[in-house]
Structures are given as C-alpha cells and as structure tokens.
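Inside the fold
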Amino acid sequence: QVQLVESGGGLVQAGGSLRLSCAASGRTFSTYSMGWFRQVSGKERELVAAIAWSGNNTYYGDSVKGRFTISKDKAKNTVYLQMNSLKPEDTANYFCAANTARPYVPLRSNAYDYWGQGTQVTVSS
C-alpha cells in the first residue's frame, strides 16, 4: 500500500504561480512512476505531468508544456508540481498518483494504482 497526500492548492490570479506537493508513505520503494492528473467536474481525468521514480524521464500534457514542471525528492518521498503562468482553464481538482505495477511511466490514469484525495486549484481571470 502507498498513501499519497497532496497540498498546495488554492486560489490564484491568472499569470500567477502555485506549487503542489505530494507526500508518499508506505511501500514507496515499489513505485515505478508518479503522476499529476487533473479533473473538472463532468470531464475525464487528464494527465498533467508524470515522472519516473528512478531516472529523470518526465512527461507533460500538451496544455501545460513550458509552464509546469514536475520534480521529485526521493529522500523526502515527495513529488512536486511547479505551475507558472496559470490560466483560468487550469482550474481543476489536481490528483497525485503512484504506479507500482508497470515498470515504465504510463500516461493514462487507469495505469496508476494509488491516488491522493486531490487538491483544488482555482485560477481567476
């Protein structure tokens, strides 16, 4: 079992920045990759960014490339999402996820087996 707790969400004006954190606990040594996904009510959960737990591979959704950066601190078992130049369309509930079953970095949400509770990000225009 892996437990994930997100923090750092909130309300920000367009053009501003936020940093989300995801603290992992439990069987973190079995993690292959971590991801950030976001969801708006009535829509499917979409990939924001993902990172390999070992190595430096990172992946981003097209809508956030060049604005968001995913990083990790393995000593703290924590993954971060730095979000810059935020836009109103970035408003969503952001979820952290861990993949412990597949030895690569999946880009689909259904490949991740552990999820946090989510943190709301609201960007005002």
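Our subject in this report is the structure included herewith. Here the structure is a predicted model, which is why all the values come from computation and not from measurement.

**Some details on the pairing of strand β9 (residues 92-99)**
For β9, the tally of buried residues reaches seven of eight residues, placing the bulk of the element in the interior. As judged from the three bridges shared by β9 and strand β11 (residues 119-124), these two strands associate in the antiparallel manner. Across the sheet, Y94 pairs through a bridge with T119, a residue of β11. Alignment of β9 against strand β10 (residues 114-115), held across two bridges, turns out to be antiparallel. Note on β10: the bridge partner recorded for A97 is W115.

**Considerations on the packing of aromatic side chains**
All told, the structure shown has four aromatic pairs when counted by the stated rule. For the pair F37 and Y112, a centre-to-centre distance of 5.2 Å together with 70° between the ring planes defines the contact as edge-to-face. With F37 in strand β4 (residues 33-39) and Y112 in the loop between β9 and β10, this residue pair connects regions lying 75 residues apart in the sequence. Of the two residues, F37 and Y112, both sit in the buried class. Over the ring of F95 we find R45; its NZ or CZ atom is 3.9 Å from the centre of that ring.

**Observations regarding the pattern of salt bridges**
Applying the stated criterion across every chain, the model contains four salt bridges. A salt bridge links E46 to R38; the shortest N-O distance between them is 2.6 Å. We classify R38 as buried; its relative accessible area is 5%. Note that R67 is salt-bridged to D90, the shortest N-O span being 2.8 Å. With a gap of 23 residues between them, R67 in the loop between β6 (58-60) and β7 (68-73) and D90 in the loop between β8 (78-83) and β9 connect regions that are remote in the sequence. Judged by its relative accessible area of 11%, R67 is buried.

**Focus: the nonpolar core**
By size, the foremost hydrophobic cluster in this structure holds 27 residues, and its most contacted members are L4, M34, W36, L81, M83 and Y94. At the level of secondary structure, the elements contributing two or more residues to this core comprise β1 (2-7), β3 (18-26), β4, β5 (46-52), β7, β8, β9 and β11. Setting aside chain neighbours within four positions, we find L81 in contact with L18, R19, L20, W36, V48, A49, F68, T69, I70 and Y94. Membership of the second largest hydrophobic core comes to eight residues, among which are F37, A97, V105 and A111.

**Focus: the environment of Y80**
Looking at where Y80 falls in the secondary structure, it is placed in strand β8. What makes Y80 buried here is its relative accessible area of 13%. Apart from the residues lying within four places of it in its own chain, the contact partners of Y80 are R19, L20, S21, W36, T69, I70, S71 and D73.

About the criteria used
Throughout, a residue's number is its position along its own chain's written sequence, starting from 1. Only residues with pLDDT of 70 or above have their local features reported here, since the model is predicted, and side-chain atom pairs are shown and tallied only from 80 upward, although totals for entire chains, interfaces and linings are computed over all residues. Where side-chain values are given, they derive from all heavy atoms of the structure, hydrogens and water being excluded. Each residue's exposure class comes from its accessible area (1.4 Å probe, protein chains only) as a fraction of the maximum for that residue type: buried when under 20%, exposed when over 50%, partly exposed otherwise. A run of DSSP states H or I qualifies as a helix once it reaches four residues; a run of E qualifies as a strand once it reaches two. Both are numbered from the N-terminal end. Pairing between two strands is assigned when DSSP locates at least 2 bridges connecting them. Any two rings among Phe, Tyr and Trp, with Trp reduced to its six-membered ring, count as a pair given centres within 6.5 Å; such a pair is stacked if its planes are under 30 degrees apart, edge-to-face if over 60, and tilted if neither. Each ring is checked for a lysine NZ or an arginine CZ that lies within 6 Å of its centre and within 35 degrees of its normal; such an atom marks a charge sitting over the ring. Salt bridge criterion: a side-chain nitrogen from Lys or Arg within 4 Å of a carboxyl oxygen from Asp or Glu. Among buried residues, those of type Ala, Val, Leu, Ile, Met, Phe, Trp, Tyr and Cys that are joined through side-chain atoms within 4.5 Å constitute a nonpolar core. In this analysis, two residues are considered to be in contact whenever any of their non-hydrogen atoms come within 4.5 Å of each other.

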